[in-house]
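One letter stands for each residue in the lines below.
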Amino acid sequence: MAETLISSGNRYESLPERYKRPLAERPNLSQVIKEEIPLIDLGCSDRREMVRSIGEACRSYGFFQVINHGISRAMMEEIMGTAREFFHQPMEEKMKLYSDDPAKKTRLSTSFNVKKETVHNWRDYLRLHCYPLQDFVHDWPPSPPAFKEVVSRYCTQVRQVGFNLLEYISESLGLETNYMETVLGEQGQHMAMNFYPPCPEPDLTYGLPGHTDPNTLTLLLQDPQVAGLQVYRAGNWIAVDPHPDAIVINVGDQIQAISNGRYKSVWHRAVVNSDKERVSVASFLCPGSGAIIGPAKQLQGKDSPPIYTDFTYDQYYKKFWSRNLDDEHCLELFKIR
């Protein structure tokens, strides 16, 4: 299976056929525009204004960036460096963790779902379950030596940032501060360390094609040197350049459902670079598997009937993984007809 990974260190002269998108599905990079997504200071002393700004960002973009979030630049650099160090290891060391089984809690894989795809994505990734830490940390990579300690510290800190944001999002919807926490149950936490090697023909493929996230909230560390994240808004793909010290936040499908469609889980994608490798670290907060998700009763009324039926996160997640990443928005399958 080693030949399935693209993080081998080998440079490709041309893009292998299995990565080439049909003409109509290519990224059209010349059409991408530059536009700043909202940048929100979580250290703002005016909580009401901060909450208002977060609500507006969730409505208008589905994405925003946060600074003064409580994670130091040193910690952010350490986790990114650890991810890069993992992918730079010898192939035989990495392949000890390889699996194409989406149900496996700790696994190295490539693309998105290699068992189902006809065209692959220019990406390798390490997927980790992170909560409760004591249940999963023993399965994490033993190498590089500091991996478990660094990732454990970062996971704990980013989880708290996510919970703080869920409080602000609840308030911005006019719900109780702890509404999300109560409805979503004991949330799980996953991490994806993504590695995008230099790509000989970036116009022909993706790191990840357009998709929405099936979880509650995603907290992303971008490579500070190499852009790649793009967000779909108002008919255009927008390039999200890295911002010093910022974490990129995006609303997941579960918040769109709970908000009865007021907040948007929007399409986003990762493109690749011809000259430079790119690393990103995405952390996902996920409802408890038995949590009942559906539009908040307080957000329903005569003029705003429920858009979605109630479902469990377990039902949703299984449906999401049974499809291709760039199929129609999975939430469409749970709409009230």
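Because the structure is a prediction, the values reported are computed rather than measured.

Side note on the layout of surface pockets
Consideration 1: In this structure, the largest pocket encloses a volume near 530 Å³.
Consideration 2: As for the largest pocket, its lining consists of 24 residues, and the residues nearest its centre are Lys105, His129, His190, Tyr313 and Tyr317.
Consideration 3: Counting only elements with at least two residues in the lining of the largest pocket, the list comes to strand 5 (124–129), strand 6 (188–196) and helix 8 (313–321).
Consideration 4: Residue contributions to the lining of the largest pocket peak at 5 residues, all from helix 8.
Consideration 5: Of the residues assigned to the lining of the largest pocket, the class counts are 10 nonpolar, 7 polar and 7 charged.
Consideration 6: Taken as a whole, the second largest pocket encloses approximately 320 Å³ of empty space.
Consideration 7: Around the second largest pocket, the lining comprises 16 residues; the ones closest to its centre are Met76, Gln222, Pro224, His243 and Asp245.
Consideration 8: For the lining of the second largest pocket, the elements supplying multiple residues, two or more each, are helix 2 (73–87) and strand 8 (217–221).
Consideration 9: Of the residues forming the lining of the second largest pocket, the biggest block, 5 residues, is contributed by helix 2.
Consideration 10: Here the lining of the second largest pocket is composed, by residue class, of 9 nonpolar, 3 polar and 4 charged.

Describing the sheet that holds strand 10 (residues 236–239)
Consideration 1: Reading across from one edge, 1-10-9-12-7 is the order of the 5 strands in this open sheet, with mixed pairing throughout. One side of each edge strand has no neighbouring strand; the edge strands of this open sheet are strand 1 (33–34) and strand 7 (208–211).

Description of the nonpolar core
Consideration 1: Within the largest apolar cluster, 83 residues are counted, with the highest numbers of intra-cluster contacts made by Ile54, Leu165 and Met193.
Consideration 2: Ranked by residue count, the leading element in this core is helix 5 (residues 147–172), at 11 residues.
Consideration 3: Ignoring anything within four residues of it in the chain, the contact list for Met193 reads Ile79, Ala83, Phe87, Asp124, Tyr125, Leu126, Phe147, Val151, Ser280 and Val281.
Consideration 4: Grouped together as the second largest cluster of nonpolar side chains are 14 residues, Leu220, Val231, Ala282 and Phe284 included.

Focus on the pairing of strand 13 (residues 278–286)
Consideration 1: When you tally the buried positions in strand 13, you get 9 out of 9 residues, the bulk of the element.
Consideration 2: Alternating residues of strand 13 divide into Arg278, Ser280, Ala282, Phe284 and Cys286 and Val279, Val281, Ser283 and Leu285, and every residue in both groups is buried.
Consideration 3: Pairing of strand 6 with strand 13 involves 9 bridges; the strand directions are antiparallel. From the neighbouring strand, His190 faces strand 13, where its bridge partner is Phe284.
Consideration 4: Of the pairings in the sheet, the one linking strand 8 to strand 13 comprises 5 bridges and is antiparallel in character. Among the inter-strand pairings, Leu219 is bridged to a residue of strand 13, identified as Ser283.

Considering the packing of aromatic side chains
Consideration 1: Enumeration according to the criterion identifies 12 aromatic pairs in this entry.
Consideration 2: Note on Phe87 and Phe195: the rings are 5.1 Å apart at their centroids and 20 degrees apart in plane angle, and the pair reads as stacked. Linking Phe87 in helix 2 with Phe195 in strand 6, this pair joins segments that are 108 residues apart in sequence.
Consideration 3: Overall, the relative accessible area of 2% leaves Phe87 in the buried class.
Consideration 4: These aromatic residues form a ring-pair network of at least three members: Phe86, Phe87, Trp140, Phe147 and Phe195.
Consideration 5: The ring of Tyr61 carries Arg233 above its face, with NZ or CZ at 3.8 Å from the centroid.
Consideration 6: Of note, Arg269 hangs over the ring of Trp237, and the distance from its end group to the ring centre comes to 4.2 Å.

Calculation notes
- Residues numbered from 1 in each chain as written.
- Predicted model: local features only at pLDDT ≥ 70, side-chain atom pairs only at ≥ 80, totals over all residues.
- Heavy atoms only, no water.
- 1 Å grid on protein atoms, 1.4 Å probe; cavity = no way out; pocket = protein on both sides within 12 Å on 5 of 7 lines; lining within 4 Å.
- Points joined across faces, edges and corners; volume = space filled by probe spheres on them.
- Helix = DSSP H or I, 4+ residues; strand = E, 2+ residues; numbered from the N terminus.
- Nonpolar A, V, L, I, M, F, W, Y, C, P; charged D, E, K, R; others polar.
- Pairing = 2+ DSSP bridges.
- Core = buried A, V, L, I, M, F, W, Y, C linked by side-chain atoms within 4.5 Å.
- Buried < 20%, exposed > 50% of the residue type's maximum accessible area, 1.4 Å probe, protein only.
- Contact = heavy atoms within 4.5 Å.
- Phe/Tyr/Trp six-rings, centres within 6.5 Å; stacked < 30°, edge-to-face > 60°.
- Lys NZ or Arg CZ within 6 Å of the ring centre and 35° of its normal.

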